[in-house]
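Descriptive analysis of the structure
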Amino acid sequence: MPPRRNEKYKLPVPLPEGKVLDDVEGNKWVLGKMIGSGGFGLIYLAFPTNKPDEDARHVIKVEYQENGPLFSELKFYQRAAKKECIKKWIQLKQLDYLGIPVFYGSGLTEFKGKSYRFMVMERLGTDLQKISDQNGTFNKSTVLQLGIRMLDVLEYIHENEYVHGDIKAANLLLGYRNPDQVYLADYGLAYRYCPNGNHKQYQENPKKGHNGTMEFTSLDAHKGVALSRRSDLEILGYCLLRWLCGRLPWEGCLRDPAAVQTAKTNLLDELPESVLKWAPSGSSCCEIAQYLVCAHNLAYDEKPNYQMLKKILNPGGRPLGPLEFSAKGQSVNEQAPNHHKVDSQKAATKQVNQMQNRFFEKNIHSERRTESYEARRKVQKDEKPIGLLNKDTAQESTRRREKYCESQEWLNEVKSPPQKDGCMQYPNSSYEPQQDFTSPDMFNKSRRPPRYTSTSPTGMEVTGLKRSPGFSSATSQFALSEETKADLYYYGATILFLLIGILLLCFL
């Protein structure tokens with residue numbers, strides 16, 4: 001688990017402006033004015049000694065050497081986020097940028113008998129918490145774009161064996177030179193979940209429970225389980241919901257960690273309805289609901305499908321544009337929903353169902369349709385789970401998969417009148433969906449799509465729904481496997497020959 005922020009840590013005595021610091025590579029940095037403090041450290045503007053008069057493009061974070069967070073952040077950058085590694089990743093993934101601040105150097109210095117650790121970082125602009133405090137909620141298009149940008153960052157750090165563990169508006173900063181770029185900062189709680197390729201095992205520890213920022217931390221953290229990739233995705237989902245709706249269901253009980261844990265459990269167990277009904281008036285949370293469904297049903301050591309998650313947040317595939325922050329957002333309505341809002345929730349539920357079927361259909365092409373049922377069962381029976389799974393992990397994965405199947409069936413049982421327009425609404429934004437998911441034929445109960453079965457990376461059997469190809473036709477078409485067709489031909493031919501034989505016997 002990430003170390004708790006120990007109360008014995010104290011803010012350091014400020015260093016004097018103009019002090020020269022030598023990093024471990026021999027570079028010299030001049031301290032400018034102090035511009036802020038966070039956690040247990042101070043932040044200063046910084047200048048290379050050979051360019052003292054330029055506008056500061058760097059900052060220096062300092063803490064007492066015995067403090068923990070800056071040491072953890074330094075180790076993260078040294079192991080996983082070197083400048084050249086980030087550059088290669090951007091080229092590999094064909095990104096315009098990656099929202100991780102650039103690390104320039106580190107070292108130790110002395111002042112008044114105390115030893116200080118420092119890090120030289122890229123200078124960034126304002127954080128999203130300040131913008132949220134001023135403007136309230138964000139435009140939906142902005143919220144979804146923030147989610148996509150953070151998924152880019154999380155994919156990179158997850159592939160380098162780390163999770164962030166403390167995603168929140170205060171740790172998202174806009175670029176200093178380019179405010180349309182957003183960066184995930186503060187890796188003081190970053191945790192190495194998969195050292196040397198060996199994933200941590202699932203093990204609950206109440207003594208380490210409720211760690212992290214109470215408002216956003218994951219259920220695993222509440223249970224004292226070491227953070228994994230699904231924890232970061234869950235935390236990001238809570239952030240998206242908070243930025244769009246203005247508050248979260250458990251904000252009234254943040255001083256009671258057990259109550260917060262219960263409220264989060266209820267929200268996730270009742271997906272997607274629990275998120276859809278939390279949408280502010282005039283908008284919807286269908287993308288966030290679908291995102292949380294996928295994140296919540298990940299196994300503890302399962303690798304997320306980051307591309308699929310980004311498509312969920314950007315179903316139209318629109319290019320990402322400038323970030324727009326507005327004060328026109330509405331906070332969530334805590335009153336009883338009216339009939340109009342109920343209809344909107346039904347339409348939103350329909351779209352979540354349709355989005356799920358769309359993504360499942362794209363991800364099952366590799367299934368071997370010509371395999372016999374007995375052969376598939378034998379392979380699944382003999383196959384061992386992938387990864388380091390103990391008994392608790394297997395039970396947790398099974399529970400999540402069963403809940404996932406129940407959610408799928410519930411979504412397909414929802415019956416509501418046809419809607420002329422889709423549920424996706426983007427107030428104050430030009431971001432629009434490209435397809436209508438609310439065709440009356442799409443949700444006719446007599447055309448329920450057939451089931452499919454596949455195996456998850458952990459060896460679990462996952463049952464879901466496959467969309468039928470003929471939704472718009474007068475009758476639904478059900479695809480038969482080659483083996484089934486062969487069986488039909490065989491029995492049909494046998495019956496035909498028997499009939500001919502009987503007729504011949506009668507004539508003779």
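Residues numbered from 1 in each chain as written. Predicted model: local features only at pLDDT ≥ 70, side-chain atom pairs only at ≥ 80, totals over all residues. Heavy atoms only, no water.

**Some remarks on the side chain of K140**
Using the following cut-off: Secondary structure elements follow DSSP: runs of H or I of four or more residues count as helices, runs of E of two or more count as strands, with numbering from the N terminus. Exposure categories follow from relative accessible area, calculated using a 1.4 Å probe and restricted to protein chains: below 20% of the type maximum is buried, above 50% is exposed, and the middle band is partly exposed. Between N or O atoms, a polar contact is any pair within 3.5 Å; within protein, one atom must be a potential hydrogen donor and the other a potential acceptor, and residues adjacent in sequence are included only when both atoms are from side chains.
The topology assignment puts K140 in helix α4 (residues 140–159). Classification of K140 by relative accessible area gives buried; the value is 2%. A polar contact of 2.8 Å, which involves the side chain of K140, links it to the side chain of E287.

**Things to note about the packing of aromatic side chains**
Worth spelling out the cut-off: We call Phe, Tyr and Trp rings a pair once their centres come within 6.5 Å, taking the six-membered ring for Trp, and we label the pair stacked below 30 degrees between planes, edge-to-face above 60, and tilted otherwise.
In total, this model carries 13 aromatic pairs according to the counting rule given. Here the aromatic rings of W89 and Y156 are separated by 5.3 Å at their centres, their planes lie at 75°, and the arrangement is edge-to-face. Here W89 is found in helix α2 (residues 83–93), whereas its partner Y156 is found in helix α4, with 67 residues between them in sequence. Under the relative-accessibility criterion, W89 is labelled buried at 12%. Of the residues examined, Y156 reaches a relative accessible area of 2% and is grouped as buried.

**A look at the side chain of D220**
Counting through the fold element by element, D220 comes out in helix α5 (residues 219–222). At a separation of 2.9 Å, a polar atom in the side chain of D220 contacts the side chain of R230.

**A look at the pattern of salt bridges**
If charged atoms from side chains of opposite charge come close, those side chains can pair. Heads up, the rule is: The salt bridge criterion pairs a side-chain nitrogen of Lys or Arg with a carboxyl oxygen of Asp or Glu, the two atoms within 4 Å.
Applying the stated rule across the entire model yields 16 salt bridges. As a salt-bridge pair, K130 and D127 come within 2.7 Å of each other at their nearest N and O atoms. Under the relative-accessibility criterion, K130 is labelled partly exposed at 47%. Between R230 and D220 there is a salt bridge, with the nearest N and O atoms lying 2.9 Å from each other. One end of the pair, R230, is in helix α6 (residues 229–245); the other, D220, is in helix α5, and 10 residues separate them in sequence. No difference in accessibility class separates R230 from D220, as the two residues are buried. The network of salt bridges with common partners includes D55, R123 and R177.

**Description of the UniProt feature "transmembrane region" (unreviewed entry) in the chain**
Applied cut-off: UniProt positions are given in the numbering used here, feature names are shortened, and annotations may be inferred rather than shown by experiment.
Using the residue numbers shown here, the UniProt feature "transmembrane region" (unreviewed entry) corresponds to residues 488–507. Along residues 488–507 one finds 100% helix and 0% strand; the C-alpha atoms at either end are 29 Å apart.

**Regarding unusual backbone geometry**
Between L271 and the following residue, P272, the backbone shows a cis peptide bond with an omega angle of 0°. Note that P272 resides in the loop between α7 (257–269) and α8 (273–276). A positive phi is found at K112, a non-glycine position, where the angle reads about 50°.

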